[in-house]
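The chain contents come next:
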Amino acid sequence: MFAQDKLPEVTSDINLFLTLASTSDKAVQDYNISKITKKWNTSFEIMTLEVMYFAYNTRVGVKLVTLLEKKTGQHFGFDFNAWYSYLWNKSEVLHPDYAYFKSQLHKSLDPKFEYYFQGYQSTSNIRMDEIRWGGVVQDGIPPLRNPEMIDADQADYLEDDHIIFGIAVNGDVRAYPKRILAWHEMFTDTVGDLSVTGVYCTLCGTVILYKNLHKGTTYELGTSGFLYRSNKLMYDKKTQSLWSTLEGKPVVGPLVNKGIALDYLSVVTTTWGEWKRLHPETTVLSLQTGHDRNYGEGVAYKDYFKDDVLMFNVPTTNKKLKNKQSVFAVRLAQYPYDPVAISTNLLEKKRIFNLVIKDQKLTVITDRSGGNRLYNTGDIVFKKHVGTTQLLDENNVLWILYEDFIENDQGERLLRVPAFNAFWFGWQAAYPDTKLIK
C-alpha cells in the first residue's frame, strides 16, 4: 500500500475530532468538545458533521448537534441530508489535514478505507466533503468477476418483459439481467477478447461499460463503498485511487491528473424478449453467481425504485423532470463540456430522433422495447422504421440495424456512439449545465 512515513504531521485539531469518534470517556468527550468550541472555524463544520454521523443519537452526537447548530445558525438536528445540502451549497472550506481525518475516521469500518484518502487531499479533483460513505465495506456489494454465462435457451428464470443490459463486443453477445446485477452493481470479465468492466449504479440508474486496458495498463476495478453526488465511486486494486463511475477516470488518489480515462463501450437497456429476438445467439448470466441472493425480478432496491425519494441527497435537484425520470445521457469524448440529456419519454414517441452536438450529427434509434442506441449518422437522415431491424432514409435507401453500426447494401456503415440511460437527478448533479431535451 503506502509507506507510513508519508503520513502528515497531524494537528491537535484532528486528534480532537478523532478521539471524539472513539472514546466513551465522558470527561475526555467534554474536554475535546470545549476545545473544539474555543478553536472553532468554518473548516470544523464538515468534521463535526461526519463525527456526528457515526455518533448518531449518543451523548457525543447530541452535543455535536448542539454545537453545530449554535455555530452555523442552522437547525437541522440529525437530518444529515439537510446538513450536507447546507455545506455543499457553500464554497468548500477544508482543514489542511481533512484528508487524513477522513481516512482515520473511516478505517474503523474497513481498514482499506484508510488508503482512499491518506495524504492525497492535493490530488483530488472533486469536492472531498461530498464523498460520503454508502453503508458498505470495500466490495461489500460484491462485483461479479468472470461470472458464469449460459445459453439463452437455458435461461428459464427470465420472462420476456424482464429488464436486461445488453452488450456486443467483437461478436460476443451477452445479457446481464437487472434482477441479478442490481445485487452486484459491477461485473469484470473478458468479452470478445477485451477485458471489460460493467458498472451499474442503482442509485443513479446508470449502466456503463468500460475497457479496462488503457495505454498498456489493465485496471482491476471494484466497488469502493463511497459515493459522490449519489453516484458510486469505483477503486482500482493496485493504488486504491477512487474513480468516477460516469467518466471512467481517477478522481482521488495517486492516479489523478495522469491522463487516465477508460474508453467507453456501448450498452443498451432493453427487455429480455427483445434482446433474445435480436440476438438468439446471446449468452446470459447464470443464477449460479456464487452468492446467496434473492434474484427475483424487482426484488433488489424495490423500495428505492417505487418512488421519487433519494437515498443520498445531492447539492441541488432540478425539477424540470422527476428525480428518477430516465434520460438518455450523451457526452461526446470530443465535446465533454456539451453534455445532453434526452427524456426517454420523448424518445419512446420519437423513435428516430436527430441530435446535433457542435459539428456532430447523430441519431437516437429507439426500439419497440424502449431501448435507446446512438449512431453517428452525419448527413444521412432516416424517416422510418421498416420492421424491427431496418430503417429507411429520406432517399429511400434501406439500412440494417446492428448493435455496433447501421449498414446499407452498399456496405456503407454508420458507427454506434457509446451513450447510456441515467436518472435525471444523478446526471444533472454531475453535469449541472447539461442541455435537457424533453
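So, how was this worked out
Residues numbered from 1 in each chain as written. Predicted model: local features only at pLDDT ≥ 70, side-chain atom pairs only at ≥ 80, totals over all residues. Heavy atoms only, no water. Helix = DSSP H or I, 4+ residues; strand = E, 2+ residues; numbered from the N terminus. Rg over C-alpha atoms; globule rule 2.2 N^0.38 Å. Buried < 20%, exposed > 50% of the residue type's maximum accessible area, 1.4 Å probe, protein only. Contact = heavy atoms within 4.5 Å. Areas by Shrake-Rupley, 256 points an atom, 1.4 Å probe, with all protein chains shown as cover. Lys, Arg positive; Asp, Glu negative; His and termini not counted. Charge placed at Lys NZ, Arg CZ, Asp CG, Glu CD. 1 Å grid on protein atoms, 1.4 Å probe; cavity = no way out; pocket = protein on both sides within 12 Å on 5 of 7 lines; lining within 4 Å. Points joined across faces, edges and corners; volume = space filled by probe spheres on them. Nonpolar A, V, L, I, M, F, W, Y, C, P; charged D, E, K, R; others polar. Core = buried A, V, L, I, M, F, W, Y, C linked by side-chain atoms within 4.5 Å. Pairing = 2+ DSSP bridges. Salt bridge = Lys/Arg side-chain N within 4 Å of Asp/Glu carboxyl O.

Peer 1: Even after reading the chapter, I still don't get the overall build of the protein chain, so can you show me in this structure?
Peer 2: Tallying secondary structure elements over the protein chain gives twelve helices and 29 strands in all. Taken against the 2.2 N^0.38 rule, which gives 22 Å for 438 residues, the C-alpha radius of gyration of the protein chain at 24 Å falls within 12% of a compact globule. When the backbone C-alpha atoms are referred to their principal axes, the protein chain occupies close to 80 × 40 × 40 Å. Sorting the 438 residues of the protein chain into buried and exposed places 57% on the buried side. Long-range pairs, those at least 24 residues apart, make up 62% of the contacts in the protein chain with a sequence separation of at least 6. Put simply, the protein chain shows about 19200 Å² of open surface, and 48% of that area lies on carbon and sulfur atoms. Across the protein chain, the mean location of the 50 positive side-chain charges is 7 Å away from that of the 51 negative side-chain charges.

Peer 1: It is not clear to me how empty space enclosed by the protein should be interpreted in this structure. Could you clarify?
Peer 2: Once rolled over the atoms, a probe with the size of a water molecule shows which space is left empty. All chains considered together, the criterion is met by four cavities of 30 Å³ or more. Taken as a whole, the largest cavity spans an internal volume of roughly 70 Å³. Taken together, E50, Y53, F54, Y84, H106, I131, R132 and W133 make up the lining of the largest cavity. Secondary structure elements with two or more residues in the lining of the largest cavity: helix 3 (44–54) and strand 1 (131–133). The residue makeup of the lining of the largest cavity, split by class, is five nonpolar, one polar and two charged. Taken as a whole, the second largest cavity holds about 60 Å³ of empty space. Y264, A329, V330, R331, P418, A419, F420 and W427 together form the lining of the second largest cavity.

Peer 1: What am I meant to see in the layout of surface pockets here?
Peer 2: The computed volume of the largest pocket comes to approximately 680 Å³. Listing elements by their share of the lining of the largest pocket, those giving two or more residues are strand 4 (163–169), strand 15 (264–265) and strand 21 (360–366). Considering only residue class, the lining of the largest pocket consists of 14 nonpolar, five polar and seven charged. The calculated volume of the second largest pocket comes to roughly 490 Å³. Lining the second largest pocket are 24 residues, and of these K178, T269, S326, N421 and F423 sit closest to its centre. For the lining of the second largest pocket, the elements supplying multiple residues, two or more each, are strand 4, strand 16 (268–271), helix 11 (344–349) and strand 28 (420–423). When grouped by side-chain class, the residues that make up the lining of the second largest pocket number seven nonpolar, 14 polar and three charged.

Peer 1: Before we go on, may I ask you to explain the nonpolar core in this structure?
Peer 2: The biggest cluster of nonpolar side chains holds 46 residues, and the ones touching the most others in it are L49, F101 and I131. Setting aside residues up to four positions removed in sequence, L49 forms contacts with L68, F80, W83, Y84 and L87. Membership of the second largest hydrophobic core comes to 33 residues, among which are I150, L181, A182 and L265.

Peer 1: I keep staring at the pairing of strand 14 (residues 249–252) and nothing clicks. Help me out?
Peer 2: Regular strands show a simple pattern: their side chains alternate between the two faces of the sheet. Pairing analysis gives three bridges linking strand 13 (residues 242–244) to strand 14, with the strands arranged antiparallel. Pairing of W243 across the sheet is with P250, part of strand 14.

Peer 1: Honestly, the pairing of strand 23 (residues 382–386) in this entry has me stumped. Any pointers?
Peer 2: Pairing of strand 23 with strand 24 (residues 390–393), which is carried by four bridges, proceeds in the antiparallel orientation. Bridging across to strand 24, V386 finds its partner in Q390. Here strand 23 folds back onto strand 24 in antiparallel fashion, the turn holding three residues, of which G387 has a positive phi close to 65 degrees.

Peer 1: Quick question: what am I supposed to make of the pattern of salt bridges here?
Peer 2: Opposite charge on two side chains permits pairing when their charged atoms draw close. Applying the stated criterion to the full structure yields 25 salt bridges. Residue R59 is joined to D30 by a salt bridge in which the shortest nitrogen-to-oxygen separation is 3.0 Å. Here R59 is found in helix 4 (residues 59–72), whereas its partner D30 is found in helix 2 (residues 26–38), with 29 residues between them in sequence. Taking the shortest distance from any N to any O, the salt bridge between K102 and E50 comes out at 2.7 Å. Linking K102 in helix 6 (residues 98–106) with E50 in helix 3, this pair joins segments that are 52 residues apart in sequence. This pair shows no difference in class: K102 is buried, exactly as E50 is. Residues joined in a network through salt bridges with shared partners are R127, D129, E130 and R229.

Peer 1: In this structure, what is going on with the sheet that holds strand 15? I would like to understand it.
Peer 2: Sheet strands pair by backbone hydrogen bonding; their relative direction is either parallel or antiparallel. Taken together, the five strands give an open sheet; going across it, the order is 2-6-7-8-15, and neighbouring strands pair in mixed fashion. In the strand order of this sheet, the two ends are held by strand 2 (144–145) and strand 15, each with one partner.

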